[in-house]
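Okay, here's what each chain looks like letter by letter:
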Amino acid sequence: MSEFAFELELCAHLESRREEVLARQLGASVADPGGRILDVVAVEPGPGFDDRAAITSETIPDAAIESAVGTGRARYWKEAFADDCHPDHARRATERACEIGFFERELRNGREYVRQVARYPEWADRIVGIENKPDLGRPGDLESQLRTDVSLALVDEVVLATESYVTRAHLNRIPEEVGVWRVHRDDRRDEETRTLEIDVVREPTELPVDEPGVEPLEFRPGRTEIAVVSADAKARSRRRLAERAYGKGWRTYEMPGCGACSPTDADDFGATLPFCTWNGRLVDAASECGPSCPGYEPADASTADLEGERDRRTPWKADPDGRRRRQSGLDRFS
Ligand code: SF4
């Protein structure tokens with residue numbers, strides 16, 4: 001099975017059984033943004049989750065959360081950001097926070113003042129990073145990726161998910177802190193429903209997320225460049241990771257504009273997924289589909305409501321009420 005198909009089926013399976021906020025393909029480096037991408041991120045909601053879900057369905061910009069904008073007195077936006085925050089970045093964060101309903105603004109003497117619509121709740125509890133490697137016979141950079149995750153310890157647990165039979169030799173090659181799941185189909189069930197089973201080959205070990213971490217930056221023969229990352233920088237990156245997971249989710253795939261695409265039934269598969277009848281498997285429309293494919297038949301892409309599906313099947317809210325104060329209450333400050 002391709003890594004793409006494996007990832008989608010695994011996410012659908014996890015979503016139907018667990019309460020975590022799931023997302024795919026998120027950056028998990030601190031010193032070298034984009035240096036490490038986690039295949040799947042699972043964020044366990046903490047007590048502040050409902051308050052967070054009530055604010056907005058989108059990712060809240062970290063600069064807006066970090067700023068001195070509070071819920072009480074409105075502040076002139078330019079004075080609410082730290083000196084090391086570039087004014088363009090501060091402006092973009094302010095605009096975005098207003099657009100998604102995290103900030104509300106008012107004009108006073110031609111100046112823009114902002115305040116938070118609701119206090120930002122620390123909602124993310126534990127974070128699990130899942131690395132998908134359906135075929136351990138083609139490991140690629142697996143070993144160094146997992147070593148990076150363990151030594152940086154940005155997430156609480158790291159798990160390797162595979163379809164391969166896991167041998168002692170495989171286990172010896174990966175850090176002992178990494179948990180291992182063997183994912184396979186349950187043959188006793190109806191093939192059409194594609195029910196997955198997960199055998200836990202090894203439980204993950206809790207990583208020291210509250211301590212400084214070491215992020216490998218570049219591997220050279222006999223030498224590895226590293227950066228030491230503070231516990232505070234990790235805490236900010238964890239919040240960013242959780243926010244991006246909340247806003248993005250895992251249904252970020254496209255449906256092919258092709259007559260051979262027959263989306264799966266969400267009740268059978270746990271989600272509406274891009275299934276190609278010509279190939280007999282799930283396909284990644286962005287990289288596989290188009291006129292150059294021999295099975296391509298021009299057609300309108302399915303208009304499956306993936307956001308609505310996420311809203312129905314998970315605690316994420318597509319259209320929260322928000323906490324916008326009545327504008328009339330603010331007019332008196334103008
Ligand atoms: S373009 Fe090819 S791979 Fe994509 S859905 Fe059509 S037949 Fe399948």
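Residues numbered from 1 in each chain as written. Predicted model: local features only at pLDDT ≥ 70, side-chain atom pairs only at ≥ 80, totals over all residues.

Asks: So, the environment of Val-166: which residues are in play, and what are the values?
Replies: Considering the arrangement of structural elements, one finds Val-166 in the loop between β7 (157–162) and α6 (168–173). Residue Val-166 is classed as partly exposed on the basis of its C-beta count, with 18 C-beta atoms lying within 10 Å. Considered as a pair, Val-166 and Ala-242 are 76 residues apart in the sequence and their alpha carbons are 30 Å apart. Residues within four places of Val-166 in sequence aside, it is in contact with Leu-171, Val-180, Arg-182 and Val-201. (Helix = DSSP H or I, 4+ residues; strand = E, 2+ residues; numbered from the N terminus. Buried ≥ 20, exposed ≤ 12 C-beta atoms within 10 Å, placed from the backbone. Contact = placed C-beta atoms within 7 Å.)

Asks: Run through the site of the ligand, naming residues and quoting values.
Replies: Surveying the vicinity of the ligand reveals 13 residues, the closest of which are Cys-258, Cys-276, Cys-289, Cys-293 and Gly-295. Residue composition of the shell around the ligand, grouped by class: 10 nonpolar, two polar and one charged. (Near = placed C-beta within 6 Å. Nonpolar A, V, L, I, M, F, W, Y, C, P; charged D, E, K, R; others polar.)

Asks: Give me the lowdown on the pairing of strand β8 (residues 179–185), citing residues and values where you can.
Replies: For a regular strand, side chains alternate in direction, first toward one face of the sheet and then toward the other. Sheet topology note: the β7/β8 ladder contains four bridges and is parallel. Within the sheet, the bridge partner assigned to Val-159 lies in β8 and is Gly-179. Of the crossover connections in this fold, the one passing from β7 over α6 to the parallel β8 is right-handed. As paired elements, β8 and strand β9 (residues 196–202) share six bridges and run antiparallel to each other. In the strand pairing of β9, Val-183 is matched with Ile-198. (Pairing = 2+ DSSP bridges. Right-handed = clockwise from strand over helix to strand, strands pointing away.)

Asks: Report on unusual backbone geometry, specifying residues and quantitative values.
Replies: Despite not being glycine, Gln-25 shows a phi value in the positive range, around 55°. Tracing the chain through its elements places Gln-25 in strand β1 (residues 21–27). The exposure class of Gln-25 is partly exposed, given the 13 C-beta atoms found within 10 Å. Of note in the backbone geometry, Ala-153 takes a positive phi value of approximately 55° without being a glycine. Position of Ala-153 relative to the elements: it lies in the loop between α5 (142–152) and β7.

Asks: So what about the sheet that holds β8? Which residues, and what values?
Replies: Spatially, β1-β2-β6-β7-β8-β9 is the arrangement adopted by the six strands of the open sheet, whose pairing is mixed. Only two strands of the sheet have a single partner each, and these edge strands are β1 and β9. The mean angle between the axes of side-by-side strands here comes to 30°, regardless of whether they run parallel or antiparallel. (Axes fitted to C-alpha atoms, helices over the stretch in contact; angles between N-to-C directions.)

Asks: Can you explain the domain arrangement of the protein chain? Please cite residues and give values.
Replies: Here the domain parsing of the protein chain yields domain 1 (3–49 + 122–248), domain 2 (61–117) and domain 3 (266–313). Using only C-alpha atoms to locate each centre, domain 1 and domain 3 end up separated by 25 Å. Counting from both sides, the interface comprises 10 residues of domain 1 and, opposite them, nine residues of domain 3. A class-by-class count of the residues in the side of domain 1 that touches domain 3 yields four nonpolar, three polar and three charged. (Domains from an automatic or database assignment.)

Asks: Can you lay out the environment of Val-41 for me, pointing to particular residues and giving the numbers?
Replies: Note that Val-41 resides in strand β2 (residues 37–45). Residue class for Val-41 comes out buried when judged on the 25 C-beta atoms lying within 10 Å of it. The spacing of Val-41 and Leu-171 is 130 residues in sequence and 22 Å in space, taken between C-alpha atoms. Filtering out sequence-adjacent residues up to four positions away, Val-41 remains in contact with Ala-23, Leu-26, Ile-127, Gly-129, Leu-241 and Ala-245.

Asks: Got a sec to walk through the environment of Glu-104? Specific residues and values, please.
Replies: Tracing the chain through its elements places Glu-104 in strand β4 (residues 103–108). You can call Glu-104 partly exposed: it has 19 C-beta atoms within 10 Å. Along the chain, Glu-104 and Arg-115 lie 11 residues apart, while their C-alpha atoms are 5.7 Å from each other.

Asks: Just give me the short version of the confidence of the model for the protein chain, but keep the residues and values in it.
Replies: Residues with a pLDDT of 70 or more make up 94% of the protein chain, whose mean pLDDT is 91. Looking over the protein chain, one finds the lowest element-wise mean pLDDT in helix α11 (residues 327–331), namely 42, and the highest in β7, namely 98. (pLDDT = per-residue confidence, 0-100.)

Asks: Account for the sheet that holds β4, with residues named and values stated.
Replies: The strand order across the open sheet built from three strands is β3-β5-β4, with neighbouring strands paired in antiparallel fashion. Of all strands in the sheet, those with a lone pairing partner are β3 (75–76) and β4, marking the two edges. In this structure, β4 lies alongside strand β5 (residues 111–116), joined through six bridges in antiparallel fashion. Of the residues in β5, the one forming a bridge with Leu-107 is Glu-112. Strands β4 and β5 of the sheet are contacted by helix α4 (residues 87–99), whose axis makes an angle of about 110° with β4.

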